[in-house]
Amino acid sequence: MVSSKNKKKQSERKPYNPKSEFLKAFECLRYRHNSGKVWQDFITMFACAISNSIGDIYRDQREFLYMNAISKYKKSEQKIFTDLAAATTVALVNFPTQDFLGEIYCELNLTNKDKGQFFTPYDVCILMAKINLIDVLDVVKEQGYATVFDSCCGAGATLIAAANETRQQLSKENKDFRECIRFIGQDIDQTVALMCYIQLSLIGASGFVKVGDSFSDPIKQDDTFENYWFTPSYYIFLKKRGA
C-alpha cells in the first residue's frame, strides 16, 4: 500500500511540462556552447533521426550529418539531446495545434532578423487556414487528394495550422487527412526548414520539405532529392495513391 506521505508527494508532483523541460535541458548545453550552434545541431540530429527511421535513400548522407553534429559534444551532453527530442515529441503528439519549435526559437532570440526572418504568429496562421481551406473537402472529393504548399515555410506554423484545419474538416467525413492531403514546404534556411520537417512529422502530416531558394531553385519534377525531407506519413500517402 502507498503511505499517506507518499501519496502527498505524488499529488504535489508537477505534471510534465514539455516547454519547461525543453528549456531546462537546452540551458544545460549553453554554458559551454553557442546557443545558435546548439539549436542547429539539435534540429539537424533530430531531423536525420526521423528521416533515417523510414529508410530514406539518403540515409548514409544524413547519418554523416548526424555524426558530425553530435561529435562536438561530450557523452554527458549527448544525452541531453534525447531530452530535447522527447520534450518536442510529447508536446506535438499530445497537442498538435501549436508551433512548438518556432515559438521556442523566437523566445530564445535565435531568429535571423538581418535576413528578414520573422515568424507568423500561430493564431494568424489558424485564421489563414480557415479562410483558405474552406473548400478543401470538395477538392478531396473531386480529385481524391489536395495539396497545401508554403514556399517560405519557416518552422511550419502555416502548414501546421493547415494540417489541423484539414484534420478537423475531413474527420467529419471519416477521412484520414494523412491520406488525403499532401503538405509541402520550402525554405532557404536549412535549420528552420528542418524545424518544419520535424513538426510536420510529429503531428502525422503527409508531405515533404525542400531546403532551398524557392525562386532560384523551386520544386520541380526533374529534381534530385538530396535536399528533400519526406515525413513518415508521406509513405502512407504514396501507398494510398498507388505510387
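Just above, that's the structure.
Residues numbered from 1 in each chain as written. Predicted model: local features only at pLDDT ≥ 70, side-chain atom pairs only at ≥ 80, totals over all residues. Heavy atoms only, no water.

Please provide a residue-by-residue account of the overall build of the protein chain, values included.
For the protein chain, the helix and strand inventory stands at 12 helices and four strands. Compactness check: the protein chain gives a C-alpha radius of gyration of 19 Å against a globular reference of 18 Å for 243 residues, within 12% of the reference. Across its three principal axes, the protein chain shows a C-alpha extent of roughly 60 × 45 × 35 Å. A burial count over the protein chain gives 46% of its 243 residues as buried. Considering only intrachain contacts with a sequence separation of at least 6, the fraction spanning at least 24 residues in the protein chain is 75%. Averaging the coordinates of the 31 positive side-chain charges in the protein chain and doing the same for the 29 negative ones gives two points 10 Å apart. (Helix = DSSP H or I, 4+ residues; strand = E, 2+ residues; numbered from the N terminus. Rg over C-alpha atoms; globule rule 2.2 N^0.38 Å. Buried < 20%, exposed > 50% of the residue type's maximum accessible area, 1.4 Å probe, protein only. Contact = heavy atoms within 4.5 Å. Lys, Arg positive; Asp, Glu negative; His and termini not counted. Charge placed at Lys NZ, Arg CZ, Asp CG, Glu CD.)

If you had to explain helix α9 (residues 157-171) to someone new, which residues and values would you point to?
Since the α-helix turns once every 3.6 residues, residues separated by three or four places project in the same direction. With 15 residues, α9 extends 21 Å between its outermost C-alpha atoms, agreeing within 8% with the 21 Å of an ideal straight helix rising 1.5 Å per residue. For α9, the tally of buried residues reaches 11 of 15 residues, placing the bulk of the element in the interior. Every buried residue of α9 is listed here: A157, L159, I160, A161, A162, A163, N164, E165, T166, Q169 and L170. Where α9 is buried, its residues contact α7 (122-132), α8 (136-143), β1 (146-150), α10 (177-180), β2 (181-187) and α11 (190-202). (Expected span 1.5 Å × (residues − 1).)

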